[in-house]
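Here's the letter readout for the chains.
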Amino acid sequence: MSASNKAIRFRENAARAVGDRALRAALSNAAGVFTVKREEAFQSTPLEEWRELASQTRLEVLDDLGAYVDRFSENASKAGARIHRAKDSAEARTIIGGILKERGIQKVVKSKSMISEEVNLNADLLRDGIKVVETDLGEYIIQIAGEHPSHIIVPAIHKDRRQVGRLFAQKLGCEYTENPAALTRIAKKVLRQEFLSAEAGISGANFAVADTGSIVIFTNEGNGRMCTSLPPLHIALTSIEKIVPSLADLPTFIRLLPRSATGQVITSYMSLITGTRKLGEATGASELHIVLLDNGRSEIARGEYREMLKCIRCGACLNACPVYRNVGGHAYDSTYPGPMGIVLTVLFEGMDRGHPLLDATTLCGACADVCPVKVPLPGLLRRLREERVVQGATPKTEQVAMAGFALLAASPKLFRMAQAAVSALWPIARKMATGRGVDYFPVPAKKTLSRRLS
Amino acid sequence: MQVQLFSTCLIDTFFPETGEATVKLLSRFGVNVVYPRGQTCCGKPADSGGYTRESRKAAEHFISVFEATDGPIIIPSGSCASMVKNHYPGLFRDDDRMRLKAEAIAGRVYELTQFLVHVLRVHEVGLKGKGRLTYHPSCQLTRELGVREEPLQLLHSLKGAEVIPLPNADRCCGFGGIFSAKLPEVAACMADEKVDNILQTGADTVTGCDHGCLMNIAAAAKRRGSPFQVKHIASVLAEAIP
Amino acid sequence: MTRDDIVALFIENAAKAAAEMHRVRSNAELNEVISKTTRGQGPIYCPGMTRKEKAVIIPEGRRSEDSAASTVCIDEALGAIAETGSIVLSSMGGKPVQAGLLAAHHIAIVSSETIFENLDQFFSSWEGMLPTNITLETGPSRTADIELTLTIGVHGPERLSIIVF
């Protein structure tokens with residue numbers, strides 16, 4: 001999402017976020033609701049069986065990603081789609097911008113796509129004079145607000161109804177209301193016109209089926225269907241690891257994704273789109289372009305962090321994470337927040353930019369508990385922390401302290417001396433300490449256990 | 001039966017009374033406790049920061065101290081026990097000789113309540129407790145070691161003490177080793193949430209198996225002026241011994 | 001599972017997703033339900049392509065040929081899935097799938113023998129080149145994007161009535 005290589009200022013962002021009472025209340029409520037709904041949805045289901053199956057299917061594809069991309073491309077082409085492979089974000093933007101400019105299209109309707117956030121599509125199209133109308137209500141809200149999503153499933157969760165009401169009144173010129181149903185109706189009215197007059201629709205895809213060349217889109221609002229079956233031109237932007245081998249693999253993911261994301265058995269709509277409108281049909285775009293983004297995924301699939309690519313973007317780890325729950329998505333200053341976001345940001349944007357996010361976890365493991373595809377998040381985070389040290393991206397003082405720690409831990413004599421020093425200097429340190437924090441620090445015992453037991 | 005006690009650096013330096021309580025508790029059940037000299041720290045502080053080289057040094061020392069001994073190694077801390085049991089072998093993934101030693105040591109390690117319930121088969125401490133207790137299950141203890149029921153079993157068997165379930169018990173308290181030092185604002189929020197949940201129970205004492213967590217909770221409680229006590233489970237159980 | 005069990009499970013699960021369920025056994029009953037559920041609503045669109053769609057009686061002056069301008073769309077689904085309570089729409093044979101999306105009230109006729117027990121059976125029933133669009137529709141459209149407060153009826157229909165025939 002960011003072109004900058006500057007390290008993310010997570011601590012600063014987080015400190016600001018935890019001071020925002022309204023934000024914390026909104027996040028706490030959301031995480032709580034999602035957690036309960038998820039648990040209810042998985043009651044009396046063979047969840048462990050599903051998780052294992054989904055994990056295996058993902059690994060099968062990752063083992064041979066190139067071949068699956070080829071197979072998908074071939075079958076999608078047979079069905080009438082044009083396939084474009086985008087090596088990175090810039091290429092994805094160029095491809096999509098090119099398709100629209102070639103046809104003189106000046107406005108597109110768009111349904112939710114996290115990949116479009118990853119490649120920073122909207123800003124780019126805007127620069128080219130192409131208007132993008134976000135149609136997912138949450139995305140529409142943050143688009144009007146000029147913000148980025150703070151949660152991958154509910155992008156505007158950081159806003160309460162009053163904030164949305166004020167936003168609509170200000171930017172749309174309508175009468176102020178804070179009633180969610182009324183606000184939804186306002187958005188519906190505005191967007192319906194856009195749908196019916198749009199020359200092009202851009203969507204993401206939750207999955208892509210190699211055997212049939214189909215893309216799968218889950219939505220609740222119906223905007224995804226509007227964007228993909230009404231305009232004559234449809235551009236689907238997705239990433240290569242979302243491919244599953246065949247239709248027979250879909251049921252497991254259909255059972256896992258909606259339950260993990262919102263606690264629903266299934267979303268209101270699930271569309272399976274295969275190519276362009278065929279002879280005798282009355283539904284479907286006449287032109288379909290599928291842009292497959294790599295952005296480092298092929299390489300990651302071959303390496304030790306490959307399991308992160310099993311992720312199906314359900315957001316359950318965000319809801320389970322005690323850090324995310326307290327700071328929200330914006331603090332991560334990245335396309336993807338929460339536990340999966342820490343790993344993906346470091347992998348996609350590099351250690352220089354992402355390393356502060358590696359502090360944003362206690363490795364408590366709550367994320368791994370809820371991941372529907374068994375991504376070993378704590379393990380990946382630990383490995384990335386080791387990488388961070390090896391690359392020298394930790395503070396110098398910390399490195400020195402750790403070296404000192406190693407000396408003490410390896411030498412009982414030095415260890416006892418250090419204990420004695422801490423005990424002796426404690427009263428002085430207390431007097432000198434500026435923060436009140438030291439008041440709450442445990443007091444070194446006058447006689448250590450080793451001395452008591454010897 | 002004879003066991004080796006690894007006290008952990010936190011208990012050795014800041015909470016020796018917990019170490020003494022552990023010895024008293026094990027002795028009550030007929031176990032002879034040996035405290036190998038020369039023990040220092042399991043290396044977790046370095047490990048959680050990703051400093052493999054430094055944590056290996058701590059691990060090598062731990063292994064050298066304990067390989068000269070026999071029998072179960074008891075550790076009154078979920079995170080330290082998990083460090084040795086689950087992470088030591090991985091630290092030596094490139095060194096077959098040390099990895100085998102690490103695996104041998106790992107196989108001898110028990111977290112305290114794990115040992116009491118599964119090896120000593122103590123389901124009933126046969127002791128009289130008092131007051132209203134609530135229990136905080138630490139993250140590595142539950143998720144890495146799989147110790148969930150054992151501490152509660154022991155607490156519930158204290159006749160006269162009331163054990164109140166802690167709401168949102170499985171939420172991290174915000175210690176996370178260096179996490180609380182690097183992101184103190186977030187850690188404070190997490191600790192506050194934990195304190196709020198404890199206050200909801202009306203308990204006069206919160207207990208747990210990890211001093212890292214307990215230290216963090218105690219600091220937040222003190223900052224908030226909360227009235228409850230914070231005690232390691234070894235102390236809670238040992239205090240009930242007449 | 002028997003056919004009756006499958007139908008019962010479908011009705012149960014579709015109702016859980018806030019679809020309004022009806023069971024009929026004749027054209028007369030079909031039209032009785034339709035008349036009742038469309039009372040007071042605006043123009044009705046019906047593609048009139050399948051036998052059951054052709055049996056739908058639309059009162060004078062209420063029929064519309066423009067699905068985008070209709071309040072009600074009555075069509076027959078390709079099938080349904082009991083496991084999730086979903087109806088299945090497809091673009092095969094020229095069916096205008098978007099008609100049911102644009103109307104405020106979507107009334108879908110489902111023939112009981114076309115209901116699949118579960119997702120696995122449904123997906124394994126497809127062979128060869130798929131139609132351009134296969135949509136699983138489960139309940140009316142909804143959103144919870146504002147404060148996680150559920151609002152029914154966004155871009156898709158705010159009412160889904162399913163008539164199992």
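Just so you know, the residues in each chain are numbered from 1, in the order the chain's sequence is written. Chains carry letters and ligands carry numbers; both start at the beginning, A for chains and 1 for ligands, and go up in the order they are written. Restriction of local features to residues with pLDDT of at least 70 applies here, the model being predicted, together with a cutoff of 80 or more for giving and counting side-chain atom pairs; totals for whole chains, interfaces and linings are based on all residues.

## Observations regarding the overall build of chain A
Here's step 1: Here a helix means four or more residues in a row that DSSP labels H or I, a strand means two or more in a row labelled E, and each is numbered from the N terminus. In terms of helices and strands, chain A carries 22 helices and 10 strands.
Here's step 2: Dimensions of chain A, computed from the C-alpha atoms along their principal axes, are close to 90 × 55 × 45 Å.
Here's step 3: Any residue surrounded by 20 or more other C-beta atoms within 10 Å of its C-beta is treated as buried, while 12 or fewer makes it exposed and the intermediate range makes it partly exposed; C-beta atoms here are placed from the backbone. Here chain A holds 454 residues, and 54% of them are scored as buried.

## Some points on the interface of chain A and chain B
Here's step 1: Our contact criterion uses C-beta atoms placed from the backbone: two residues qualify when those atoms are within 7 Å. Listed by partner, the interface residues are 44 residues for chain A and 44 residues for chain B.
Here's step 2: Looking at the side of chain A that touches chain B, the elements with two or more residues in it are α1 (10-18), α15 (322-327), α19 (377-390), α20 (396-410), α21 (412-432) and α22 (449-453) of chain A.

## Focus: the sheet that holds strand β8 (residues 229-232) of chain B
Residue and element names in this part refer to chain B.
Here's step 1: One open sheet holds the four strands; their spatial order is β6-β5-β7-β8, and the pairing between them is parallel. Where the open sheet ends on each side, the last strands, each with one partner, are β6 (162-164) and β8. With direction set aside, neighbouring strand axes in the sheet form an average angle of 35°.
Here's step 2: A pair of strands is considered paired only if DSSP assigns at least 2 bridges between the two. Relative to β8, strand β7 (residues 205-208) runs parallel, the two sharing four bridges. The partner of Gly208 across the bridge, within β8, is His232.
Here's step 3: For every element, the axis is a line fit to its C-alpha atoms; helices are fit only across the contacting stretch, and the angle between N-to-C directions ranges from 0 to 180 degrees. Sheet contacts for helix α12 (residues 211-224): β5 (132-136), β7 and β8; angle to β8, the most-contacted strand, approximately 170°.

## Some remarks on the sheet that holds strand β1 (residues 82-86) of chain A
Residues and elements named next belong to chain A.
Here's step 1: If you trace the six strands from one edge of the open sheet to the other, you get β1-β10-β7-β4-β2-β3, paired in parallel fashion. Looking at which strands have only one partner, the edges of the open sheet turn out to be β1 and β3 (131-134). Along the sheet, successive strands turn relative to each other by an average axial angle of 20°, direction set aside.
Here's step 2: Strand direction decides the pairing type here: strand β2 (residues 107-110) and strand β4 (residues 200-203), joined by three bridges, are parallel. Looking at the pairing, Val108 lines up with Ala200 of β4.

## Some thoughts on the interface of chain C and chain A
Size of an interface, as often reported, equals the accessible area lost when the parts are brought together.
Here's step 1: The interface is formed by 40 residues belonging to chain C together with 53 residues belonging to chain A.
Here's step 2: Where the side of chain C that touches chain A is concerned, the elements lending two or more residues are α5 (119-124), β8 (133-137) and β9 (142-143) of chain C.
Here's step 3: It is β8 of chain C that provides the largest number of residues to the side of chain C that touches chain A, a total of five residues.
Here's step 4: Note on residue categories: nonpolar means Ala, Val, Leu, Ile, Met, Phe, Trp, Tyr, Cys or Pro, charged means Asp, Glu, Lys or Arg, and polar means any other residue, Gly included. Here the residues of the side of chain C that touches chain A sort into 16 nonpolar, 18 polar and six charged.

## Observations regarding the packing of helix α8 (residues 137-145) of chain A against helix α9 (residues 161-172) of chain A
Residues and elements named next belong to chain A.
Here's step 1: The interhelical angle for the contact between α8 and α9, taken along N-to-C directions, is 60°, at an axis separation of 10 Å. Relative to α9, the element α8 is oriented oblique. When the axes of α8 and α9 are compared, the crossing they make is left-handed. Touching Ile141, Ile144 and Ala145 of α8 are Val164, Leu167 and Lys171, all from α9.
Here's step 2: Considering only residue class, the contact of α8 with α9 consists of five nonpolar, no polar and one charged. When an angle is under 35 degrees it counts as roughly parallel; over 145 it counts as roughly antiparallel; between 65 and 115 it counts as roughly perpendicular; any other value is oblique. Whether a crossing is left-handed or right-handed is set by the direction in which the near helix is turned from the far one by less than a right angle, anticlockwise for left-handed and clockwise for right-handed.

## Points about the domain arrangement of chain B
Residue and element names in this part refer to chain B.
Here's step 1: What marks off one domain from the next here is an automatic or database domain assignment. As assigned here, chain B comprises domain 1 (2-118) and domain 2 (123-239).
Here's step 2: Averaged C-alpha coordinates put domain 1 and domain 2 at centres separated by 22 Å.
Here's step 3: Taken together, the 27 residues of domain 1 in the interface contact 23 residues of domain 2.
Here's step 4: Those elements giving two or more residues to the side of domain 1 that touches domain 2 turn out to be α1 (9-13), α2 (16-28), α3 (44-48), α5 (78-91) and α7 (112-119).
Here's step 5: The residue inventory of the side of domain 1 that touches domain 2, partitioned by class, reads 11 nonpolar, 11 polar and five charged.

## Concerning the domain arrangement of chain A
Here's step 1: What the domain assignment lists for chain A is domain 1 (1-44 + 315-394), domain 2 (47-52 + 64-298) and domain 3 (403-453).
Here's step 2: Once you take the C-alpha centre of each, domain 1 of chain A and domain 3 of chain A turn out to be 33 Å apart.

## What to know about the arrangement of the chains
Here's step 1: Considering every one of the two pairs of chains in contact, the largest contact total is recorded for chains A and C.
Here's step 2: If you take every C-alpha in chain B and every C-alpha in chain C, the smallest gap between them is 21 Å, and the two do not touch.

## Overview of the nonpolar core
Here's step 1: Nonpolar cores are identified as sets of buried Ala, Val, Leu, Ile, Met, Phe, Trp, Tyr and Cys residues joined via C-beta atoms within 7 Å. In this structure, Cys317 and Val343 of chain A, Val84 and Ile217 of chain B together with Val110 of chain C are the most contacted members of the largest nonpolar core, which totals 265 residues.
Here's step 2: Beyond its immediate sequence surroundings of up to four residues, Ile217 of chain B is in contact with His136, Cys173, Ala191, Lys194, Val195, Val206 and Val230 of chain B.

## Here we look at the packing of helix α4 (residues 52-66) of chain B against helix α6 (residues 96-106) of chain B
All names here are of chain B.
Here's step 1: Close contact between α4 and α6 brings their axes to 10 Å; oriented N to C, the two are set at 60°. Looking at the two axes, α4 sits oblique to α6. Every pair of crossing elements has a handedness; the one defined by α4 and α6 is left-handed. Residue-level contacts link Ala59, Ile63 and Phe66 of α4 to Lys101, Ala102 and Ile105 of α6.

## So, the environment of Leu154 of chain B
Residue and element names in this part refer to chain B.
Here's step 1: For Leu154, the location among the structural elements is in helix α9 (residues 150-156).
Here's step 2: Given 24 C-beta atoms within a 10 Å radius, Leu154 is considered buried.
Here's step 3: Each C-alpha atom of the pair Leu154 and Leu237 lies 8.1 Å from the other, and the pair is 83 residues apart in sequence.

## Topic: the environment of Asp369 of chain A
Residues and elements named next belong to chain A.
Here's step 1: For Asp369, the location among the structural elements is in helix α18 (residues 366-370).
Here's step 2: The partly exposed category is assigned to Asp369, around which 14 C-beta atoms lie within 10 Å.
Here's step 3: Separated by 53 residues in the primary sequence, Asp369 and Ala316 place their C-alpha atoms 9.6 Å from one another.

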